[in-house]
Amino acid sequence: MKAIKTMIYGAYGYTGELIARQAVSNGHKPVLAGRNASKLQQLSRALGLSAIVVDLQDNALEQALSGVDLVIHCAGPFSLTAEPMLRACIASGTHYQDISGEISVYQLAHSFDEEAKTAGVVLCPGTGFDIIPTDCLAMALYQHLPSATHLTLGFDSDTRLSPGTAKTSIERLGIGGAIRRNGKIETVNHGELTREIDFGRGNKFSVAIPWGDVASAYHSTGIQNIEVYLPISPKRAKQMQLINKCRWLLRNKKVQKWLKYKIEKTIQGPDETQRAEHKTWVWGEVRNDRRGERHIGRIQTANGYNVTVNGALAVMDFILNYHGPGGYFTPSRLCGHKLIEQLPGSGKIELSRS
């Protein structure tokens, strides 16, 4: 019987290392891979794992994936790194998952659906906090109200960002926010859409953000109108609105490079104690305005980074035991909406009609 072989690409990044260490703790022996030889070798020695140094733009990437059953892609920004890895996975017959939260990456992965089906390869981006909790809640709500015409999601957490997540946020500053309206993704101004939401610990002023579900939840549920919200202060919302005047400048490559450099030098992800202390409250709403129906859903989960670590490995285990067709999948479409309830630190999805 062929030995199962998995790879974590970008394993020495903040989240990639957390996943690698937990994988070893769970009894797995993934191959570690990435572009930085010194960081890779240091981690591989610490964990007693083999390592491959390979660049995403290298012709050797497909060869490095030869014989690999599944790769967890952790090297962002995924807007730059996802496409070569997706292409190499399809060419080598390797199942693909990532921890991206970027709308453009979900759209890209979906565009490879037919090629992946032909190759028998599973493509499942967003197997972390982006987007497992919200995607699973969206699916549960949809099953509760299949006639829903509008889906709104959101989450509330005190967790600080890792460098990778912060850099991804920087990329979106020059583009604007995003919602799905009548089946199409539309760009909106930063801070344009606001509302009061009780995520689970009281009403909070919230603003629409360009979260991955704007792309992915449509493929999970088929709902035509989707928005995602995050609680912030009204003052912060006004500051976001001011950014709209200089979005043209924030798209400049030199400005982007400088901002990402500052993040790399000044931001660190939360440590183990901070991750344990900060839970996450996830909320969702589906509506059918023609019928006057509205349903609410909530679930409390572990810290977002802990969800990412355990979620990525849970999806990995599922895919390695999966015998269905290939193609593009969202986490809830692949594993079912109860996936989030099975992760450490998660409660049960609670649904109610209002």
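Reference entry: report on the structure contained in this document. (Residues numbered from 1 in each chain as written. Predicted model: local features only at pLDDT ≥ 70, side-chain atom pairs only at ≥ 80, totals over all residues. Heavy atoms only, no water.)

### Some words on the pairing of strand S14 (residues 293-301)
- Pairing analysis gives nine bridges linking strand S13 (residues 280-288) to S14, with the strands arranged antiparallel. When the sheet's bridge partners are listed, Val282 is paired in S14 with Ile299.
- The antiparallel pairing of S13 with S14 creates a hairpin that spans four residues between the two strands, and Gly292 there sits at a positive phi of about 70 degrees. (Pairing = 2+ DSSP bridges. Helix = DSSP H or I, 4+ residues; strand = E, 2+ residues; numbered from the N terminus.)

### So, helix H12 (residues 253-266)
- Taking 1.5 Å per residue as the helical rise, H12 with its 14 residues ought to reach 20 Å, and the 20 Å between its terminal C-alpha atoms agrees with that figure.
- Of all the positions in H12, only Gln256, Leu259, Lys260 and Ile263 are classed as buried. An end-on view of H12 places all buried positions within 95 degrees of arc, on one side of the element. Along H12, exposed side chains directed more than 90 degrees from the buried face belong to Lys254, Lys257, Trp258, Lys265 and Thr266. (Expected span 1.5 Å × (residues − 1). Buried < 20%, exposed > 50% of the residue type's maximum accessible area, 1.4 Å probe, protein only. Arc of directions from axis to C-beta.)

### Things to note about the nonpolar core
- Counting 90 residues, the largest nonpolar core has Ile19, Leu32, Met85, Leu151 and Leu334 as its most contacted members.
- Ignoring anything within four residues of it in the chain, the contact list for Met85 reads Tyr9, Leu56, Leu61, Leu65, Val71, His73 and Tyr96.
- With seven residues, the next largest nonpolar core counts Ile197, Ala208, Tyr229 and Ile296 among its residues. (Core = buried A, V, L, I, M, F, W, Y, C linked by side-chain atoms within 4.5 Å. Contact = heavy atoms within 4.5 Å.)

### As for the pattern of salt bridges
- Scanning the entire structure with this criterion turns up 16 salt bridges.
- Linking Arg291 and Glu293 is a salt bridge whose minimum nitrogen-to-oxygen distance equals 3.9 Å.
- According to the relative accessible area criterion, Glu293 is buried, its value standing at 15%. (Salt bridge = Lys/Arg side-chain N within 4 Å of Asp/Glu carboxyl O.)

### Description of the side chain of Thr330
- Within the element layout of this structure, Thr330 appears in the loop between strand S15 (327-328) and helix H15 (331-335).
- Take Thr330: its relative accessible area is 1%, and that puts it in the buried class.
- Among the polar contacts made by the side chain of Thr330, one reaches the side chain of Ser220 at a distance of 2.7 Å.
- Ignoring sequence-local partners within four residues, the contact set of Thr330 consists of Cys124, Asp135, Ser216, His219 and Ser220. (Polar contact = N/O pair within 3.5 Å; in protein donor to acceptor, adjacent residues only side chain to side chain.)

### What to know about the packing of helix H1 (residues 14-25) against helix H14 (residues 304-320)
- Close contact between H1 and H14 brings their axes to 9 Å; oriented N to C, the two are set at 55 degrees. It follows from the interaxial angle that H1 and H14 lie oblique. The handedness of the crossing between H1 and H14 is right-handed. Contacts between H1 and H14 involve Tyr14, Thr15, Leu18, Ile19, Gln22 and Ala23 on the former and, on the latter, Tyr305, Thr308, Val309, Asn310, Ala312 and Leu313.
- Classifying every residue of the contact of H1 with H14 by side-chain character gives eight nonpolar, four polar and no charged. (Axes fitted to C-alpha atoms, helices over the stretch in contact; angles between N-to-C directions. Parallel < 35°, antiparallel > 145°, perpendicular 65-115°, else oblique. Left-handed = near helix turned anticlockwise from the far one by under 90°. Nonpolar A, V, L, I, M, F, W, Y, C, P; charged D, E, K, R; others polar.)

### Details of the packing of aromatic side chains
- Evaluated as defined, the whole model comprises seven aromatic pairs.
- A ring pair is formed by Phe129 and Trp211, whose centres lie 6.1 Å apart and whose planes are at 70 degrees; its orientation type is edge-to-face. Placement of Phe129 in the loop between strand S6 (122-124) and helix H7 (132-144) and of Trp211 in the loop between strand S11 (203-208) and helix H9 (213-221) is noted, with a sequence separation of 82 residues between them. In this structure, Phe129 and Trp211 share a single accessibility class: buried.
- Where Phe155 meets Trp211, the ring centres are 4.6 Å apart and the plane angle is 50 degrees; that geometry is what we call tilted. Of the two residues, Phe155 sits in strand S7 (residues 150-157) while Trp211 sits in the loop between S11 and H9, which places them 56 residues apart along the sequence.
- Note on Trp211: relative accessible area 14%, which makes it buried.
- Grouped by ring-pair contacts, the aromatic residues Phe129, Phe155 and Trp211 constitute a single cluster.
- Between Arg180 and the ring centre of Tyr218, over which it is positioned, the NZ or CZ distance is 4.1 Å. (Phe/Tyr/Trp six-rings, centres within 6.5 Å; stacked < 30°, edge-to-face > 60°. Lys NZ or Arg CZ within 6 Å of the ring centre and 35° of its normal.)

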